[in-house]
Number of protein chains: 2
Amino acid sequence: MGDIVLVHAARERLSGHVRETPMLSSPFLDKVAGRRILVKAECLQHTGSFKFRGAWAAITALPEGQSSRGVIAFSSGNHAQGVAYAARLKGLPACIIMPSDAPVTKIRGTRSFGADVVHYDRESEDRESVVERVNSSRRMTLIRPFDDPAVISGQGTCGLEIAEQSLQAGIGDAEVLVPCGGGGLTSGISLALEAHAPHLRVRPCEPEGFDDVARSLKSGVIERNERESGSICDAILTPSPGNLTFPIMSRLCGPGIAVSDGECLRAMALAFAHLKIVVEPGAATGLAAAIFHGDRIERDTAIVVTSGGNVDHDTFAQALASPTPFPEQ
Amino acid sequence: MGDIVLVHAARERLSGHVRETPMLSSPFLDKVAGRRILVKAECLQHTGSFKFRGAWAAITALPEGQSSRGVIAFSSGNHAQGVAYAARLKGLPACIIMPSDAPVTKIRGTRSFGADVVHYDRESEDRESVVERVNSSRRMTLIRPFDDPAVISGQGTCGLEIAEQSLQAGIGDAEVLVPCGGGGLTSGISLALEAHAPHLRVRPCEPEGFDDVARSLKSGVIERNERESGSICDAILTPSPGNLTFPIMSRLCGPGIAVSDGECLRAMALAFAHLKIVVEPGAATGLAAAIFHGDRIERDTAIVVTSGGNVDHDTFAQALASPTPFPEQ
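This one's a predicted model, so the numbers in the text were calculated from it and none came from an experiment.

Scoring rules and cut-offs
- Residues numbered from 1 in each chain as written.
- Chains lettered and ligands numbered in written order.
- Predicted model: local features only at pLDDT ≥ 70, side-chain atom pairs only at ≥ 80, totals over all residues.
- Heavy atoms only, no water.
- Helix = DSSP H or I, 4+ residues; strand = E, 2+ residues; numbered from the N terminus.
- Contact = heavy atoms within 4.5 Å.
- Areas by Shrake-Rupley, 256 points an atom, 1.4 Å probe, with all protein chains shown as cover.
- Lys, Arg positive; Asp, Glu negative; His and termini not counted.
- Charge placed at Lys NZ, Arg CZ, Asp CG, Glu CD.
- Buried area = accessible area lost by both parts, 1.4 Å probe.
- Nonpolar A, V, L, I, M, F, W, Y, C, P; charged D, E, K, R; others polar.
- Phe/Tyr/Trp six-rings, centres within 6.5 Å; stacked < 30°, edge-to-face > 60°.
- Buried < 20%, exposed > 50% of the residue type's maximum accessible area, 1.4 Å probe, protein only.
- Least-squares fit on C-alpha atoms with pLDDT ≥ 70 in both.
- Pairing = 2+ DSSP bridges.
- Salt bridge = Lys/Arg side-chain N within 4 Å of Asp/Glu carboxyl O.
- Axes fitted to C-alpha atoms, helices over the stretch in contact; angles between N-to-C directions.
- Parallel < 35°, antiparallel > 145°, perpendicular 65-115°, else oblique.
- Left-handed = near helix turned anticlockwise from the far one by under 90°.

**Points about the overall build of chain A**
Working step 1: A tally of regular secondary structure across chain A gives 14 helices and ten strands.
Working step 2: Along the first, second and third principal axes, the C-alpha atoms of chain A reach 55 × 40 × 40 Å.
Working step 3: Sequence separation of 24 or more characterises 76% of the internal contacts of chain A that already satisfy a separation of 6 or more.
Working step 4: When the accessible surface of chain A is split by element, carbon and sulfur atoms take 46% of a total near 11500 Å².
Working step 5: With 32 positive and 38 negative side-chain charges, chain A shows a spacing of 4 Å between the two charge centroids.

Next comes the structure, spelled out in structure tokens:
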């Protein structure tokens, strides 16, 4: 995997089905970040996250005979909803394996698209073996959350849009801050930018304590997180980068940046106040890096991907109540 | 006033300065509304509301000699921010007369764009006379919030986008639900649709008790509201439709729809959960009408304008905590 041709092919399949999400900005964010900030609002994508891109790309890449039994996926909720909705649009059954502590809004969302939801315990069970057990009789096609060429290519279409929109906005050099779990979005965007906007460099952004990608990029080999839960950034608490995504990130990305849960909450409040978008904790790591770790960023402009907005009312209220470091906001 | 040529001219002046805001949708909203719903997310416009369109259109229409002393405006906050930001971009001083009970976020936003803010009491003072008093020495150019051909034309550019986006989405007949205060946005959109999408009919949407436009459309003459405060829909508590906007609305709009404050709060929560956008109470009247007053809507598709997102944390938290009539959301 590493072929821009696959990203272009995914874009063809996604055309007319995926939203081109807007690139937003605010003078206040530029001011507090100390540089120009452009926000790629992927939370406005169908199903509330970029995951619909990869899910649609993967399902539409299946040979006809293979897809008829339906699709199965494991996910904390965004890939779940992306796969469930894409399957519904294609008229296929879908079964989703979700951790029992997934946000309620994500469980409800997945069910609302008609998928069969099966829960597992994130700490005591291995999700791949749960998938195998559930699927032994159903024999549905597994749609992996990130380590799949079609999925990576689908997420890469977000990068094609970034390349075009940054050109329109007159952006020269910039760093692109991407919330990173297993690396599907990060590697997909990296491939698209390598081909179409090589002056833009991707920086993976992760929660503190779950910075497996940053550590892997540093050591040069795949590192794992010690834990699988314990941050509010539920969407990106993946154990380690993928076998397909890591080589791409290793070749193309700058160093990773880790941010705290509190910084994500404050970034969510800033996105609420100044961009009028709803961003979930894990999808706010890029904006948190831009606002609170500007010393780690090397160029005058940062393009920030806010990758999803599927957040429960209580967590969002917590973000709104979090103390701001910018009293004038 | 009533000339589509002015709307086209405004679009020329706005090109490259205004955002083309996206048209969003969600299967859940279609389900609870009982018809197809498309949401024109104008809360994602610069300064967090459509008002930037009219402000930019008006300021760029001023003769050069007239604008040099700067501009003055009265507004509860959205027109204030639109004028303040447009003036700053043009390098002009701005003075904004705001009610003392305007939302804090709007006052801070207006000041953050460098405008001089002067407060008045909404109940005891007449805002036009406050403007005259403040402006007797400054002699700045007044940018009216709605009853100005350039402002109406600027807001009309939102209607041009609706005409194009609904064509792309394959929409035939539809009603267009527009939050309505003085009628600048409503009449501007009506003019654009009359020329470019005559199969789309505008319906003004107002808060209960402040339905001056609905009553005026019914009686055929300009009616006034009894009060000027007493609803959370601060952005659209205008005393009466304008002398320029009313004839346009009277000629082109269907009957007005009034919604309760509680319905607006619940519509805000639905926009949060299913569209990932931040909508302020007054800007949620159209979505509230679509969800809770579907029996008043006559066509299979409703296009809903969410006209702004400048809402304080406390009010938004109140919306998130409001009881939902749709437990499965």
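Now that the structure has been shown, the text picks up again.
**Observations concerning the interface of chain B and chain A**
Working step 1: In this complex, chain B contributes 30 residues to the contact, which on the side of chain A involves 30 residues.
Working step 2: For the pairing of chain B and chain A, the buried interface totals around 2500 Å² over both sides, and the portion due to carbon and sulfur atoms is 62%.
Working step 3: The largest share of the area that chain B buries against chain A comes from Phe272(B), Lys276(B) and His313(B), three residues that together contribute 27% of it.
Working step 4: Within the residue set of the side of chain B that touches chain A, elements represented by two or more residues are strand 1 (23-24), helix 5 (78-89), helix 12 (261-275) and helix 14 (313-321) of chain B.
Working step 5: Looking at which element gives the most residues to the side of chain B that touches chain A, the answer is helix 14 of chain B, with four residues.
Working step 6: When grouped by side-chain class, the residues that make up the side of chain B that touches chain A number 18 nonpolar, six polar and six charged.

**Remarks on the packing of aromatic side chains**
Residue and element names in this part refer to chain A.
Working step 1: A complete count under the given rule lists eleven aromatic pairs over all chains for this structure.
Working step 2: Judged by centre distance (5.9 Å) and plane angle (35°), the rings of Phe52 and Trp56 are tilted. Here Phe52 and its partner Trp56 are both found in helix 3 (residues 51-61), four residues apart, which amounts to about one turn of the helix. By the burial criterion, Phe52 is buried, and Trp56 matches it.
Working step 3: The interplanar angle of 70° and the centroid separation of 6.1 Å between the aromatic rings of Phe272 and Phe316 together place this pair among those described as edge-to-face. Here Phe272 is found in helix 12 (residues 261-275), whereas its partner Phe316 is found in helix 14 (residues 313-321), with 44 residues between them in sequence.

**A look at the relation of the copies chain B and chain A**
Working step 1: Of the transformation superimposing chain B on chain A, the axial component is 0.0 Å and the angular component is 180°, with the fit at an RMSD of 0.0 Å. Look at the turn and shift together and you get a two-fold axis relating the two. Across chain B, the rotation axis passes nearest the C-alpha of Ile277(B), at a separation of 2.3 Å.
Working step 2: The residues that chain B uses at the interface reappear at the interface of chain A in 100% of cases, marking a shared surface.

**Some details on the sheet that holds strand 3 (residues 71-74) of chain B**
Working step 1: The sheet built from four strands is open, its strands ordered 5-4-3-6 (chain B) with parallel pairing. Each having just a single partner strand, strand 5 (116-120) and strand 6 (141-142) of chain B make up the two edges of the open sheet.

**With respect to unusual backbone geometry**
Residue and element names in this part refer to chain B.
Working step 1: Non-glycine residue Thr47 carries a positive phi angle of around 65°.
Working step 2: Summarising the element assignment, Thr47 is placed in the loop between strand 2 (36-41) and helix 3 (51-59).
Working step 3: The phi dihedral of Lys276 falls on the positive side, at around 65°, and the residue is not glycine.

**Considerations on helix 10 (residues 212-219) of chain B**
Working step 1: Within the sequence span of helix 10 of chain B, burial applies to Asp212(B), Val213(B), Ala214(B), Ser216(B) and Leu217(B).
Working step 2: Turning to helix 10 of chain B, the residues buried within the fold contact strand 8 (200-207) and helix 11 (245-252) of chain B.

**Overview of the pattern of salt bridges**
Residue and element names in this part refer to chain A.
Working step 1: This structure, assessed with the given rule, holds 28 salt bridges over all chains.
Working step 2: One salt bridge connects Glu125 with Arg133, and the closest N-O pair in it is separated by 3.6 Å.
Working step 3: Arg133 sits in the exposed class, given a relative accessible area of 53%.

**Quick word on the packing of helix 3 of chain A against helix 8 (residues 149-168) of chain A**
Residue and element names in this part refer to chain A.
Working step 1: Helix 8 packs onto helix 3 with a crossing angle of 130° between their chain directions and a minimal axis gap of 7 Å. In terms of orientation, helix 3 and helix 8 fall into the oblique class. As for how helix 3 packs across helix 8, the hand of that crossing is right-handed. When helix 3 is examined against helix 8, the residues Lys51, Arg53, Gly54, Ala57, Ala58 and Ala61 are found in contact with a partner set consisting of Ala150, Val151, Gly154, Gln155, Thr157, Cys158 and Glu161.
Working step 2: Across the contact of helix 3 with helix 8, the residue classes break down as six nonpolar, four polar and three charged.

**Some thoughts on helix 3 of chain A**
Residue and element names in this part refer to chain A.
Working step 1: Most of helix 3 sits out of view: nine of its eleven residues are buried.
Working step 2: When we look at burial in helix 3, the residues that qualify are Lys51, Phe52, Arg53, Gly54, Ala55, Trp56, Ala57, Ala58 and Ile59.
Working step 3: Structurally, helix 3 contributes buried residues whose contacts are with helix 1 (4-14), strand 2 (36-41), strand 3 (71-74), helix 5 (78-90) and helix 8.

**Some details on the packing of helix 12 of chain B against helix 13 (residues 285-292) of chain B**
Residues and elements named next belong to chain B.
Working step 1: Contact pair helix 12 / helix 13: the axes reach a minimum separation of 8 Å and the direction vectors enclose 95°. On the basis of their axis angle, the class for helix 12 and helix 13 is roughly perpendicular. Residues Glu263, Cys264, Arg266, Ala267, Leu270 and Ala271 of helix 12 touch helix 13, and the partners they reach there are Thr285, Leu287, Ala288, Ile291 and Phe292.
Working step 2: Class assignment of the residues belonging to the contact of helix 12 with helix 13 gives a composition of eight nonpolar, one polar and two charged.

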